[in-house]
Amino acid sequence: IKVIEGLEGCESLTKLDLTLNFISDIDSVVSLRANVHLESLHLVGDGCTSVAGYRSYVAHMLPQLLTLDGDEILKSERISARQEEPVIMDKVVEAAIVEREKERIKEEMIGRGIDPFPAKFNEKGERVYGHTPEERIQILREDEEQRKRQEKATKDASTFSNLTSELNAKPVRLSAEEEMAKYGRLLLRNEGKVNFRLDEDEQKVTILTVEPGKYISTSAINIDLQPTYVRIIIKDKLLQLVFTRDVCVEKVKVERSSTTGQLKLTVPVSLATNGTKYDFDSPAAEEPEGSKTEGKAAPNTAQPTKKAAAPSSSGDILLPTSIPKTFLKETSTTRTTNSSEEATAPT
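Fair warning: this is a prediction, and the values are worked out from it, not measured in the lab.

Rules of the game
- Residues numbered from 1 in each chain as written.
- Predicted model: local features only at pLDDT ≥ 70, side-chain atom pairs only at ≥ 80, totals over all residues.
- Heavy atoms only, no water.
- Pairing = 2+ DSSP bridges.
- Helix = DSSP H or I, 4+ residues; strand = E, 2+ residues; numbered from the N terminus.
- Axes fitted to C-alpha atoms, helices over the stretch in contact; angles between N-to-C directions.
- Buried < 20%, exposed > 50% of the residue type's maximum accessible area, 1.4 Å probe, protein only.
- Lys, Arg positive; Asp, Glu negative; His and termini not counted.
- Salt bridge = Lys/Arg side-chain N within 4 Å of Asp/Glu carboxyl O.
- Polar contact = N/O pair within 3.5 Å; in protein donor to acceptor, adjacent residues only side chain to side chain.
- Contact = heavy atoms within 4.5 Å.
- Parallel < 35°, antiparallel > 145°, perpendicular 65-115°, else oblique.
- Nonpolar A, V, L, I, M, F, W, Y, C, P; charged D, E, K, R; others polar.
- Core = buried A, V, L, I, M, F, W, Y, C linked by side-chain atoms within 4.5 Å.
- Expected span 1.5 Å × (residues − 1).

Undergrad: An account of the sheet that holds strand S14 (residues 263-268) is requested, with residue identities and associated values reported.
TA: Across the sheet, which stays open at both edges, the 4 strands sit in the order S8-S9-S14-S13 with antiparallel pairing between neighbours. Each of the sheet's edge strands pairs with one partner strand only, and the pair in question is strand S8 (195-199) and strand S13 (253-256). Recorded for the sheet is a direction-independent mean angle of 10° between the axes of neighbouring strands. Pairing geometry for strand S9 (residues 205-211) and S14, over 6 bridges, is antiparallel. Note on S14: the bridge partner recorded for Thr206 is Val267.

Here is the structure:
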């Protein structure tokens, strides 16, 4: 900042800190008269502070100030400034003329292609900078060049260093779509090396049992279930499994043991995969295959019955009803059959 200007509209301004800027023209402080609530002003390190009578001039021109550069303005200073006003004003005008002449010479040298601030070095050969806007910009440029050189040196490091950084780099986890596009299929992954069991032997359901650990919070487990695969993230460790048959995601049943922490997913097989629709309302579908009724002819076996009509109100899929007691949720079903509904086998 070279000139104090544009602050007239800041009516509530009480403190202004312009330390270590480039304000050389002390006349610019007159613009702060409009800030009637201004109480503290800091100009330490600016060129205007070297002008003779600087403090008396600021105290006289800004009567609302209470402190200048951290020091309280005494009443005696204001009286002295008022008495010496003509002398102080002459010094300020002279200093302003000198500063304007310096600016003119500097701009003229730059226009001719001459560096107005040639490099200076101390006895140790170290570069010494002055307190000017141009040299401040030069410092930033040199720092930027040094940073680029360091980056280039890092890139040109030995092959062993580059190899070490690549080995230590954390691999980026691919999404399911990215993995399919890269490998053409989903890979089996178990980053956390957790114990699991995928049971697909059941005709109607697929059961996945995972052992994430007893003390793993449920909030640290994220499950992404899709018709062909499941992705379970346990504390940022991925378990990815692929099903051999499509499942019905809408009817999944998730349970978590309160004693062992075991996680169990029970999901029915998709009807489109089986190509068969089950009628669980009929007695034959609920009785195990090959069972017999004592004293009567054997009823129809429990083979799936194809139906062309709409699915029954009880649903097309019946989830397993035998759930271990250790799980939080327990389900059970009871079937009662009236003797009048049982058909006697023909003789």
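Undergrad: Outline the side chain of Arg231, listing residues and values.
TA: Looking at the element boundaries, Arg231 is found in strand S11 (residues 229-234). One buried charged residue, Arg231, remains without a salt bridge, the closest side chain of opposite sign being Asp224 at 4.7 Å. A distance of 2.4 Å separates polar atoms of two side chains, one belonging to Arg231 and the other to Gln240. Excluding residues that lie within four positions of it along the chain, Arg231 makes contacts with Arg173, Leu174, Ser175, Ala176, Asn222, Ile223, Asp224, Leu238, Leu239 and Gln240.

Undergrad: Give a detailed account of the pattern of salt bridges, specifying residues and quantitative values.
TA: Under the defined criterion, the tally for this structure stands at 11 salt bridges. Residues Glu144 and Arg147 are paired through a salt bridge, measuring 2.4 Å at the closest nitrogen-oxygen approach. Of this pair, Glu144 and Arg147 both sit in helix H4 (residues 133-155), 3 residues apart, which is roughly one turn of the helix. The partly exposed category is assigned to Glu144, whose relative accessible area is 32%. Its relative accessible area of 36% is what places Arg147 among the partly exposed residues.

Undergrad: If you had to explain the side chain of Thr206 to someone new, which residues and values would you point to?
TA: Counting through the fold element by element, Thr206 comes out in strand S9. The class for Thr206 is buried, based on a relative accessible area of 1%. In this view, Thr206 contacts Leu198, Asp199, Glu200, Phe243, Arg245, Val247, Leu265, Thr266, Val267 and Val269; residues no more than four positions away in its chain are not counted.

Undergrad: Outline the pairing of S11, supporting the account with residue identities and numerical values.
TA: Within S11, 5 of the 6 residues are buried, which leaves it mostly tucked inside the rest of the structure. Judged from the 5 bridges that link them, strand S10 (residues 221-225) and S11 form a sheet pairing that is antiparallel. When the bridges of S11 are listed, Leu225 appears paired with Val230. Taking the residues between adjacent antiparallel strands as the criterion, S10 and S11 are bridged by 3 residues. Looking at chain direction, S11 and strand S12 (residues 237-242) are connected through 6 bridges and run antiparallel.

Undergrad: With reference to specific residues and values, describe the sheet that holds strand S3 (residues 67-68).
TA: Within a sheet, adjacent strands bond to each other through the backbone by hydrogen bonds, running parallel or antiparallel. What the 4 strands build is an open sheet, ordered S1-S2-S3-S4; its pairing is mixed. Of all strands in the sheet, those with a lone pairing partner are strand S1 (15-17) and strand S4 (71-72), marking the two edges. Pairing geometry for S3 and S4, over 2 bridges, is antiparallel. Along S4, the bridge assignment pairs Leu68 with Asp71.

Undergrad: Help me get a handle on helix H1 (residues 54-61), residues and values and all.
TA: Of all the residues in H1, the buried ones are Tyr54, Tyr57, Val58, Ala59 and Met61. Contacts from the buried residues of H1 go to strand S2 (40-42), S3, helix H2 (75-83) and helix H3 (85-111).

Undergrad: Could you give an account of the packing of H1 against H2, naming the residues involved and the relevant values?
TA: As a packed pair, H1 and H2 sit with axes 9 Å apart at the nearest point and diverge in direction by 95°. Our classification of the angle between H1 and H2 gives roughly perpendicular. Contact with H1, carried on its side by Arg55, Ser56, Ala59 and His60, involves Glu77, Arg78, Ala81 and Arg82 of H2 and no other residues of that element. Of the residues that constitute the contact of H1 with H2, the class distribution is 2 nonpolar, 2 polar and 4 charged.

Undergrad: Explain the nonpolar core to me, using residue names and the numbers behind them.
TA: Ranked by size, the top nonpolar core spans 23 residues in total, and within it Leu41, Leu43 and Val58 carry the most contacts. Those elements that provide at least two residues to this core are H1 and H3. Every residue in contact with Leu43, bar those within four places of it in the chain, is listed here: Ile4, Leu18, Ile23, Val29, Cys48, Thr49, Tyr54 and Asp69. Within the second largest apolar cluster, 15 residues are counted, among which are Leu225, Ile232, Phe243 and Leu265.

Undergrad: If you had to explain H3 to someone new, which residues and values would you point to?
TA: Taking 1.5 Å of rise per residue, 27 residues should cover 39 Å, and H3 covers 39 Å from first to last C-alpha, within 8% of that figure. Within the sequence span of H3, burial applies to Ile88, Val92, Ala95, Ala96 and Lys106. As for H3, its buried residues are in contact with H1, H2 and H4. Gly113, located one to two residues past H3, shows a positive phi value of around 85°.

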